[in-house]
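Report on the structure
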There are 2 protein chains.
Amino acid sequence: MKLPTETFYNLPEAKQQAIIEAAVAEFAASPYDKASLSKIVAKAGIAKGSMYQYFENKRELYLYILDLAYAQKKRFLKDVFDQADDFFATLKRYYRRSYLFAKEFPLYHKIINHYWDYCAEFEEEIRTSRELRANDFLTMLQQAIENGQVNPELNQEAAFFVYHSVGKELIDNFIELSETDQAQHLQFIDAVLDVLAEGLQIRKE
Amino acid sequence: MKLPTETFYNLPEAKQQAIIEAAVAEFAASPYDKASLSKIVAKAGIAKGSMYQYFENKRELYLYILDLAYAQKKRFLKDVFDQADDFFATLKRYYRRSYLFAKEFPLYHKIINHYWDYCAEFEEEIRTSRELRANDFLTMLQQAIENGQVNPELNQEAAFFVYHSVGKELIDNFIELSETDQAQHLQFIDAVLDVLAEGLQIRKE
DNA sequence: TCGAAAGGTGACCGGGTGGTCACATAGTTA
DNA sequence: TAACTATGTGACCACCCGGTCACCTTTCGA
């Protein structure tokens, strides 16, 4: 069960929003372990007992909020994989769009980031998420190999590992985003992906 | 001041070791925030008050233990950069040796890993450590470019970013090490570094 | 031998946590 | 209006934390 109770949905819209807003703010500010339920209920202006009528416990509240964040991100990135013709162009689109998501929904972005920072509480969930990502990536990679875009001789697991690591860190660093140099950020993303595509080693042709 | 007090050094060797061992175990099991001083003193078999005669506070104890871990790692990796002729070979040596360090000193390895997982308490320290690493890497990279090993056209900041991210994740994953497949692990490290060296894009020659 | 200094102790402090429950209130139905 | 249910409440619970301090014990030099 990771749904709020019926009681929560019966609440007036404004109150629901106040609770969600307070929880989002707190889970964006601190990872699950350090986030404080007491602070959330204080900010939302409700009693602690009430919260336990809406959500089974802290964990369920968190998962609900996390779902909101992920739903928004999924919506935001929906069309990135639509024309999956060019492997490298698609990856660039993906990370550029992720950056824009972080700018537009910084709190959701932070919540998702905190979730990926390893936390014992969600070890299993994270592992399965990672495997899903791996499958998606490897499917794309296969197709790119068939298209003749990607070197068929490389270790595909290693390739996923590299993209996963770099992507994670890349998105982590979106936190330090300043208004002005958006163009610079986007260029850096491209530069990083170029390094991954071309490799460091000089090409003897 | 990040030294233990004189009182600590006056302690009989065995007692010092008991304290260090208990602290190492705790800081390996949990990151700084979640590590418990109470558990450490309990495991070491001393009173909490005593601990505060040896170390100013939890932070100083932690930094002392962290230093022990880093000193051991430095000793272990001492000769990796001795023959820095081949850029890619050196990097492989570095990560392979790091893996062996993780196998030989798993607790120290975990302590260092926990430290690098972003934690507000040590934000500054981590940032400066990262800058030092960046400088070292960029120096090596420069030399490799001059040697004709590395493509001079790539964005060097991006290259560091890529190596830093992948290295971090690679070393993180050493935690799940099983006795038998050491060879397999070392091969995977090589595979990952090959991906970084050669890139994913197919080479048209 | 005695007294001062150094070392060791654990109950205690203030503050935090997630979670509970007896009670108060509001809403609805008969 | 009365009875009953659904909702709201915050004092309270047990448990943890890092850190302190008045007191006790040991050591050691005069």
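Predicted model only: the values in this text are computed from it and were never measured.

The next subject is the domain arrangement of chain A. Residue and element names in this part refer to chain A. As far as domains go, chain A holds domain 1 (6-66) and domain 2 (77-200). Computed over C-alpha atoms, the centres of domain 1 and domain 2 are 30 Å apart. Each partner contributes residues to the interface: domain 1 has 13 residues there, and domain 2 has 10 residues. Taking both partners together, domain 1 and domain 2 bury about 1,100 Å²; carbon and sulfur atoms supply 72% of that area. Looking only at domain 1, the three residues that lose the most surface to domain 2 are Ala28, Arg59 and Leu66, adding up to 43% of its buried area. At the junction of domain 1 and domain 2, the tally comes to two salt bridges. The partner of glutamate 121 in a salt bridge is arginine 59, and the shortest N-O contact between them spans 2.8 Å. The tally of links from domain 1 across to domain 2 stands at four residue pairs in polar contact (both at pLDDT 80 or more). If you tally residues by element for the side of domain 1 that touches domain 2, the top one is helix H5 (residues 58-76), at five residues.

Now for the interface of chain B and chain A. Listed per partner, the contact involves 42 residues of chain B and 42 residues of chain A. Regarding the contact of chain B and chain A, the summed buried area is about 3,400 Å², with carbon and sulfur atoms giving 64% of it. Among the residues of chain B in contact with chain A, Phe161, Leu200 and Gln201 of chain B are the three that bury the most area, contributing 21% of the side total. Counting the contacts that link chain B with chain A gives four salt bridges. Note that glutamate 169 of chain B and lysine 168 of chain A form a salt bridge whose closest N and O atoms lie 3.3 Å from each other. Between chain B and chain A we count 10 residue pairs in polar contact (both at pLDDT 80 or more) in total. Residue assignment for the side of chain B that touches chain A shows that the elements contributing at least two residues are helix H6 (87-104), helix H8 (123-146), helix H9 (156-172) and helix H10 (182-198) of chain B. Considering every element that reaches the side of chain B that touches chain A, the biggest residue donor is H9 of chain B, with 12 residues. Taken together, the residues that form the side of chain B that touches chain A break down as 21 nonpolar, nine polar and 12 charged.

Note on helix geometry: an α-helix contains 3.6 residues per turn, so any two residues three or four positions apart are oriented the same way. Residue and element names in this part refer to chain A. Here H5 is 19 residues long and its end C-alpha atoms lie 27 Å apart, about the 27 Å a rise of 1.5 Å per residue gives. All of the buried residues in H5 are Lys58, Glu60, Leu61, Tyr62, Leu63, Tyr64, Ile65, Leu66, Ala69, Gln72, Lys73 and Phe76. At the N-terminal boundary of H5, the capping side chain belongs to asparagine 57, with an oxygen 3.2 Å from the backbone nitrogen of arginine 59.

Once that is clear, we can look at the protein's contact with DNA strand C. Around DNA strand C sit 19 residues, and of these Ser36, Tyr52 and Lys58 of chain A together with Gly49 and Tyr54 of chain B come closest. Backbone sugar and phosphate groups make up 65% of those atoms of DNA strand C lying within 4 Å of the protein. In the environment of DNA strand C, a phosphate oxygen lies 3.4 Å from a nitrogen or oxygen atom belonging to the side chain of lysine 15 of chain B. If you list the elements that add at least two residues to the surface near DNA strand C, you get helix H3 (37-44) and helix H4 (48-54) of chain A together with helix H1 (6-10) and helix H4 (48-54) of chain B. Here the surface near DNA strand C is built from residues that sort into six nonpolar, nine polar and four charged.

This next bit is on empty space enclosed by the protein. It is the rolling of a water-molecule-sized probe over the atoms that shows where space remains empty. All names here are of chain A. On inspection of all chains with the given rule, the structure shows two cavities of 30 Å³ or more. Taken as a whole, the second largest cavity spans an internal volume of roughly 30 Å³. Lining the second largest cavity are Phe88, Leu91, Lys92, Tyr163, Leu193 and Ala197. Sorting the residues of the lining of the second largest cavity by element identifies helix H6 (87-104) and helix H10 (182-198) as the ones contributing at least two each. At three residues, H6 tops the list of elements feeding residues into the lining of the second largest cavity. A class-by-class count of the residues in the lining of the second largest cavity yields five nonpolar, no polar and one charged.

Attention now moves to the protein's contact with DNA strand D. Inspection of the region around DNA strand D gives 19 residues, with Tyr54 of chain A together with Ser36, Leu37, Tyr52 and Lys58 of chain B positioned closest. Put simply, 64% of the atoms of DNA strand D that lie within 4 Å of the protein are in sugar or phosphate. Serine 50 of chain A is positioned with one of its side-chain polar atoms (N or O) 3.4 Å from a phosphate oxygen of DNA strand D. With five residues, the single largest contributor to the surface near DNA strand D is H4 of chain A. Considered class by class, the residues forming the surface near DNA strand D number six nonpolar, nine polar and four charged.

The two copies are related by a screw operation: chain B maps onto chain A through 180 degrees of rotation and 0.0 Å of translation along the axis, at an RMSD of 0.1 Å. What the superposition gives is, in effect, a two-fold axis relating one chain to the other. Closest approach to the rotation axis among the C-alpha atoms of chain B is made by glycine 199 of chain B, whose C-alpha sits 1.8 Å away. In this assembly, 100% of the residues forming the interface of chain B have copies in chain A that are likewise at the interface, indicating an isologous arrangement.

What counts and what doesn't
Residues numbered from 1 in each chain as written. Chains lettered and ligands numbered in written order. Predicted model: local features only at pLDDT ≥ 70, side-chain atom pairs only at ≥ 80, totals over all residues. Heavy atoms only, no water. Domains from an automatic or database assignment. Contact = heavy atoms within 4.5 Å. Buried area = accessible area lost by both parts, 1.4 Å probe. Salt bridge = Lys/Arg side-chain N within 4 Å of Asp/Glu carboxyl O. Polar contact = N/O pair within 3.5 Å; in protein donor to acceptor, adjacent residues only side chain to side chain. Helix = DSSP H or I, 4+ residues; strand = E, 2+ residues; numbered from the N terminus. Nonpolar A, V, L, I, M, F, W, Y, C, P; charged D, E, K, R; others polar. Expected span 1.5 Å × (residues − 1). Buried < 20%, exposed > 50% of the residue type's maximum accessible area, 1.4 Å probe, protein only. Near = heavy atom within 4 Å. 1 Å grid on protein atoms, 1.4 Å probe; cavity = no way out; pocket = protein on both sides within 12 Å on 5 of 7 lines; lining within 4 Å. Points joined across faces, edges and corners; volume = space filled by probe spheres on them. Least-squares fit on C-alpha atoms with pLDDT ≥ 70 in both.

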